[in-house]
Amino acid sequence: MKLFGSIRVGAVVTCVSLAANAQLFRDPMTNAAAWGVNANGSDWAVTFNYDYSADGIPEAPNTLPGDAPTRGARLEANLFSGTVNYFTIFPLGQNFTGWWQLRFDAWMNFGTSGTTEFLGGGIGYNGTSADANSGAQFIATGDGGSAADWRALKDGFYVTDDTAYAGGSRDNTAPYYTSFLPSVNGSVAGSPGFQWITWEFNVIGNQVSIYIEKPDLSRLLLIQYDKTFTGDGSGGATTDGNLSIFYADYSTSIASPPGSTFGLVDNVVVWMIPEPATGSLALGGLGLLWLFRRRR
Ligand SMILES: [Ca+2]
Ligand SMILES: [Ca+2]
């Protein structure tokens with residue numbers, strides 16, 4: 001009986017370990033056929049399997065052995081028309097529910113004028129929206145050119161209350177952002193330009209938390225909220241659904257020089273976050289998230 005007992009304990013531990021490492025999806029962004037696009041306007045481009053070493057851009061941080069090196073999806077909007085263009089890409093046939101995590105590597109380049117464009121993504125995507133108005137989403141400018149560079153959206157409800165953000169501001173100039181993202185490679189401090197940044201979206205119970213992470217694994221919380229909270233005038237945020245990657249030029253000005261302003265996305269990964277069978281949901285979730293991060 002004793003031996004049986006310890007085998008059972010071992011089996012349970014193995015189960016938790018497997019669950020904690022359960023990767024539900026990964027895409028190195030080389031196969032356009034695996035992705036759908038919903039777009040507003042026609043002046044936009046997404047190029048899968050794009051070799052970003054051509055732009056002098058280094059390998060994305062979460063690339064794995066066996067991945068085609070320096071290849072990812074290049075995202076562009078309002079290339080020549082002088083009109084607002086935005087689009088969402090999403091992996092075909094995917095649906096994620098419960099507790100889960102989306103991570104992807106992103107890079108943003110910008111030119112010398114007319115450059116303020118947004119990149120982002122989210123969880124709970126409905127599969128049909130072109131704009132960032134479906135699920136728990138977050139977008140940011142690459143150049144800090146807006147008064148509101150960091151933007152959370154809850155099923156399309158734009159969170160304009162600065163105090164709802166971890167940084168107490170949406171502007172790149174806030175110390176919260178500039179201290180984490182000092183100017184590098186010609187970037188604007190407080191903005192994710194000219195560098196690889198990993199975006200992370202988590203839903204644990206009702207809690208949505210969104211982070212950015214640098215290649216040295218330092219992290220910055222962007223926002224955390226209860227997805228059922230409607231006191232801000234939103235209807236809450238949907239978290240069951242697909243993942244989304246978003247790119248926009250919300251301004252009509254055309255970036256110059258041509259080809260200077262674009263986003264790159266690589267290594268899109270979804271992990272299941274194991275739900276505790278018993279105990280406090282919130283406490284158990286946080287503890288497991290820690291375990292989950294440590295074991296990856
Ligand atoms: Ca890649
Ligand atoms: Ca700004």
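Here's what I pulled together on the structure shown here. (Residues numbered from 1 in each chain as written. Chains lettered and ligands numbered in written order. Predicted model: local features only at pLDDT ≥ 70, side-chain atom pairs only at ≥ 80, totals over all residues.)

Counting its regular elements, the protein chain contains 3 helices and 15 strands. Burial analysis of the protein chain (296 residues in total) assigns 41% to the buried set. When contacts within the protein chain are restricted to residue pairs at least 6 apart in sequence, long-range pairs at least 24 apart make up 67% of them. (Helix = DSSP H or I, 4+ residues; strand = E, 2+ residues; numbered from the N terminus. Buried ≥ 20, exposed ≤ 12 C-beta atoms within 10 Å, placed from the backbone. Contact = placed C-beta atoms within 7 Å.)

Time to look at the nonpolar core. Among the nonpolar cores identified, the biggest contains 64 residues, and Ala 106, Leu 119, Leu 243, Tyr 247 and Val 265 are the most heavily contacted of them. Broken down by element, this core gets its largest block of residues, 7 residues, from strand β15 (residues 262-272). (Core = buried A, V, L, I, M, F, W, Y, C linked by C-beta atoms within 7 Å.)

Cis geometry is adopted by the peptide bond preceding Pro 257, which originates at Ser 256 and carries an omega value of -5°. Turning to its location among the elements, Pro 257 is positioned in the loop between β14 (242-249) and β15.

Once that is clear, we can look at the sheet that holds strand β8 (residues 136-141). On the basis of which strands lie adjacent, the open sheet formed by 7 strands has the order β2-β5-β14-β7-β8-β9-β10 and antiparallel pairing. The two strands at the open ends of the sheet, each matched to only one other strand, are β2 (35-40) and β10 (157-158). Across 6 bridges, strand β7 (residues 118-125) lies against β8 in antiparallel orientation. Residue pairing in the sheet places Gly 121 in a bridge with Phe 138 of β8. (Pairing = 2+ DSSP bridges.)

What follows is about the environment of Arg 71. Following the sequence through the fold, Arg 71 ends up in strand β4 (residues 71-77). Here the alpha-carbon distance between Arg 71 and Leu 264, two residues 193 residues apart in the chain, equals 9.4 Å. If we ignore the near neighbours within four places in the chain, the residues touching Arg 71 are Thr 30, Asn 49, Tyr 50 and Asp 51.

Bringing the environment of Tyr 86 into the picture now. Its location among the elements puts Tyr 86 in strand β5 (residues 85-91). Judged by local crowding, Tyr 86 falls into the buried class, with 22 C-beta atoms found within 10 Å. As a C-alpha pair, Tyr 86 and Tyr 250 span 164 residues in sequence and 7.3 Å in three-dimensional space. Look past the residues within four positions of Tyr 86 in its chain and what remains in contact with it is Asn 40, Ala 77, Ala 130, Asp 131, Tyr 247, Ala 248 and Tyr 250.

Before going further, it helps to spend a moment on the pairing of strand β11 (residues 197-204). Buried residues dominate β11, accounting for 8 of its 8 residues. Of the two faces of β11, the one carrying Ile 197, Trp 199, Phe 201 and Val 203 and the one carrying Thr 198, Glu 200, Asn 202 and Ile 204 are both buried. Judged from the 7 bridges that link them, strand β6 (residues 100-109) and β11 form a sheet pairing that is antiparallel. By the bridge assignment for β11, Trp 100 is matched with Val 203.

Without other data, these values stay purely geometric and don't point to any function.
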